[in-house]
Amino acid sequence: MSAEWGKISSKEILAAVKGRLVSGDPHARFSGFNSDSRSTVRGELFWALKGDRFDGHDFVSRTVLRGASGVVVQEGFQVSLENPSPTVIIAVNDTLRALGDLAAWWRRQHATKVVALTGSSGKTTTKEMTAAILQMGGETLKNPGNHNNLIGLPVTLLKLEKTHQRAVLEMGMNHKGEIARLTEIANPDVAAILNVGTAHLEGLGNIDGVAEAKTEMMEKLSPEAKIVLNGDDKVLMKHAARFNRDVITFGLAEGNNIRGTHIKNRGSDGMGFDLTFDGNTWPVNLGVSGTHNVKNALAAAAIGLCLNEPPEQIVKGLGVFQGIKGRFQSIPLEKNILLIDDTYNANPSALKAALDSAVPLVHKEGRFIVGLGDMLELGEAAVSAHREAGGRVAASGASWFFAMGSHANDMKKGAIAEGMPSNRIIIAETHDDLTTRMIQEIEPRDTIFLKGSRMMQFEKISEGLQRHFGFQ
C-alpha cells in the first residue's frame, strides 16, 4: 500500500507507534501532520515534541482550538479541553521516539528508493547535487535545508507521497547513537558516508569517536543496501572495514571505483573534471568552485550510479547545480573583488578543505583576506583547534586575518606562531566592527574568504560587504 494523509486512520497510527487511544474515534482520519503549533491547521494531527528550549505540550489546547483533529502526547500529560470535543488523543511513552517509529512505518508503505548520506562536511551540498541528478529521472523528495536530525528527518519522510520515485536524506549528528537511529528510521537503499573529520568532538571525544558514530550507519543497513564511501579517507575506511560489507568507493586517488581526474579550476566559473567509472570517462562541468566540491560531486555521481542512473544524466544533473547560499559561494563584487561566502557552518576539517579550495581562486594581482568566527562543539580540543585554524590562515598566505569570537585570541596566537605579522591580524567584537574594518583594508582584485559556525552569524558580514561594494 501507499500511506496517504487523508486516508490513514487513528488505528493505523496507533499500531505504528504502539500508542494508547485516550479518546476519540479510532477510525478518524487526518488531513496532514504537524509538530509546529503555530502553523497547525484544521484537520491535522499535532505531535507534541519536547526539546531543551520548547515543549509542544504547552500548545496542545491551542492546536485543538485551531481545529486539529488529533494530538499525540506523552503518557502522563493530561489534555484539558473546555468543551466536549471529537479530537483524537493518542498517548505514547516518548513522542520523539514515536515520531521516528511513525516515519519508519510511513517509509515502508512506499516503494520510493531512499538515499541517506552523512559526513563531517559536504552533506547538504552533496544532497542537493544528488537531488539535481535524480530529479531528472522522476520526482524526488529531499530534506529542506539541513533538517537532518531526529525531528527533521522523520518530518521529511512523512511528506513522502506515491508520486515520489526517490528520496535523498541528509543525516547529521552530535552524539553517539543518532546516526544508528536515523538509519533505522530511513532504511535507505543507498547509504553514503562522505568523510570523517574533526566535528562534534565535544560529544565524541576524538576523530575515531566521530568515525565510530558515522559508521553506525553501516551497522543498521539492510543486507541489500548499497554502500558508498570516500575511499580517500583512511580513517573512514579503517572503521568501515570492521563491517565486512561490499562497498563502492569514490575519490581522487587510484583504486577508487568512481574517480575524478584532470581537475581544472576555472575560478569563479567553477570546476571541470573527468568522471571515470568502469573504464569509461565523462567530462563534467561544475558551476561551483573548490576541489572539495569535486569530491562532493563524485559522491553524488556514485549514488546515482548505484541507482542505475545513466552517466549522461548524472553529468547533466551535476551541470545544473549552481550551489547553495553560504556554502563556498563565489560572489563577484565590484572592482574585481571576489567574495567567497562559506558562512553557513564550520569545523576544523571543513575549514582546511575550504581554505585549500579558496587559495587557487585568488587573483594573481590581488591579495587574500580571511575572516573567521569560532568553531563550536569542539570540547577540550577547542583551544588547539582554533590555534591550528589561525596557523592555517597564515600558511595560506593571507595578507589580512580578521577574527571574532571567544577563541579569536587563540586563532591570533596560531597565526603568529606560523609567521603572520601581528599588525595584520585584527580581532573584532561585533559583526559591524569586523565589516567596517575589513572594508577599510580591501583593495581591487582582492579575494575575501568568510567562515564560522552557524551561531556566529557571519552571513551578516557577507551581506555588509555585498551592500558596500555592490555586484560586478
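Preceding this section is the structure that the text describes.
Attention here is on the structure that accompanies the text. Residue indices begin from 1 for each chain and proceed along its sequence in written order. For this predicted model, a pLDDT threshold of at least 70 governs which residues receive local features, and a threshold of 80 or more governs which side-chain atom pairs are given and counted, while totals over whole chains, interfaces and linings are taken from all residues. Side-chain calculation: all heavy atoms of the structure are included, whereas hydrogens and water are not.

**Things to note about the pattern of salt bridges**
Oppositely charged side chains may form a pair once their charged atoms are brought near each other. Quick note on the threshold: Note on definitions: salt bridges are taken to be side-chain nitrogens of Lys or Arg within 4 Å of carboxyl oxygens of Asp or Glu. The helix count covers DSSP runs of H or I at least four residues long, the strand count covers runs of E at least two residues long, and both are numbered beginning at the N terminus. Only protein chains enter the accessibility calculation, which uses a 1.4 Å probe; a residue whose area is less than 20% of its type maximum is buried, one above 50% is exposed, and one in between is partly exposed.
Counting across every chain of the model gives 19 salt bridges. Across the salt bridge formed by Asp101 and Arg181, the nearest N and O atoms sit 3.0 Å from each other. In this pair, Asp101 sits in helix 3 (residues 95-108) while Arg181 sits in helix 6 (residues 178-186), placing the two residues 80 residues apart along the sequence. With a relative accessible area of 22%, Asp101 lands in the partly exposed category. On the basis of relative accessibility, which here comes to 13%, the residue Arg181 falls in the buried class. Between Asp189 and Arg107 there is a salt bridge whose closest N-O contact spans 3.0 Å. Of this pair, Asp189 sits in the loop between helix 6 and strand 9 (190-193) while Arg107 is found in helix 3, placing the two residues 82 residues apart along the sequence. When its relative accessible area of 23% is taken as the criterion, Asp189 is described as partly exposed. Residue Arg107 is classed as buried on the basis of its relative accessible area, which comes to 7%. Bridged by salt links that share partners, the residues Asp101, Arg181, Glu184 and Lys220 form one connected network.

**Remarks on the side chain of His110**
Basically, it comes down to this: Contacts described as polar in this section are N or O atom pairs within 3.5 Å, which, within protein, must combine one atom able to donate a hydrogen with one able to accept it, while residues neighboring in sequence count only if both atoms come from side chains.
For His110, the position within the fold is in the loop between helix 3 and strand 6 (113-118). For His110, a relative accessible area of 6% corresponds to the buried category. Within polar-contact distance, the side chain of His110 engages the backbone oxygen of Leu160 at 3.3 Å.

**Some remarks on the environment of Ala16**
The cut-off we apply is this: Throughout, a residue-residue contact means that at least one pair of heavy atoms, one from each residue, lies within 4.5 Å.
Of note, Ala16 is situated in helix 1 (residues 10-17). Through-space distance from the C-alpha of Ala16 to that of Ala389 is 48 Å; in sequence the pair is 373 residues apart. Non-local contacts of Ala16, meaning those with residues more than four positions away in its chain, are made with Asp101, Leu102 and Trp105.

**Regarding empty space enclosed by the protein**
Heads up, the condition is: Grid points spaced at 1 Å over the protein atoms alone were grouped into cavities, where a 1.4 Å probe fits but cannot get out, and pockets, open sets with protein on both sides within 12 Å along at least five of seven lines, with lining residues defined by an atom within 4 Å of a point. Grid points are joined across faces, edges and corners, and a volume is the space filled by probe spheres set on the points. In this classification, the charged set is Asp, Glu, Lys and Arg, the nonpolar set is Ala, Val, Leu, Ile, Met, Phe, Trp, Tyr, Cys and Pro, and all remaining amino acids, among them Gly, are polar.
By the definition in use, this model includes 1 cavity of 30 Å³ or more. Empty space within the largest cavity amounts to approximately 40 Å³. Lining the largest cavity we find Ala346, Leu351, Leu372, Gly373, Met375, His386, Ala389, Met411, Lys451 and Gly452. Broken down by secondary-structure element, the contributors of at least two residues to the lining of the largest cavity are strand 17 (368-373) and helix 14 (382-395). The residue inventory of the lining of the largest cavity, partitioned by class, reads 6 nonpolar, 3 polar and 1 charged.

**Considering the pairing of strand 12 (residues 258-265)**
Formally: Two strands form a pair only when DSSP identifies at least two bridges running between them.
In the sheet, strand 11 (residues 248-251) pairs with strand 12 via 2 bridges, with the strands oriented parallel. In the sheet register, Phe250 faces strand 12, and the bridge partner there is Ile258. Where strand 12 lies against strand 13 (residues 271-277), 6 bridges are found, and the strand directions are antiparallel. Within strand 13, the residue paired with Gly260 across the bridge is Leu275.

**A look at the packing of helix 1 against helix 3**
Formally: Angles run from 0 to 180 degrees between N-to-C directions of axes, and those axes are lines fitted to C-alpha atoms, restricted for helices to the stretch in contact. For this classification, under 35 degrees means roughly parallel, over 145 means roughly antiparallel, 65 to 115 means roughly perpendicular, and everything else is oblique. A clockwise turn of the near helix away from the far one marks a right-handed crossing, whereas an anticlockwise turn of less than a right angle marks a left-handed crossing.
One can describe the packing of helix 1 onto helix 3 by two numbers: an axis separation of 8 Å at closest approach and a directional angle of 110°. Taken as axis vectors, helix 1 and helix 3 run roughly perpendicular relative to one another. Of the two elements, helix 1 crosses helix 3, and the hand of that crossing is right-handed. Across the interface between the two elements, Glu12, Ile13, Ala16 and Val17 from helix 1 touch Ala98, Asp101, Leu102 and Trp105 from helix 3. Looking at side-chain class alone, the contact of helix 1 with helix 3 contains 6 nonpolar, no polar and 2 charged residues.

Function-wise, these values are silent; they only describe arrangement.
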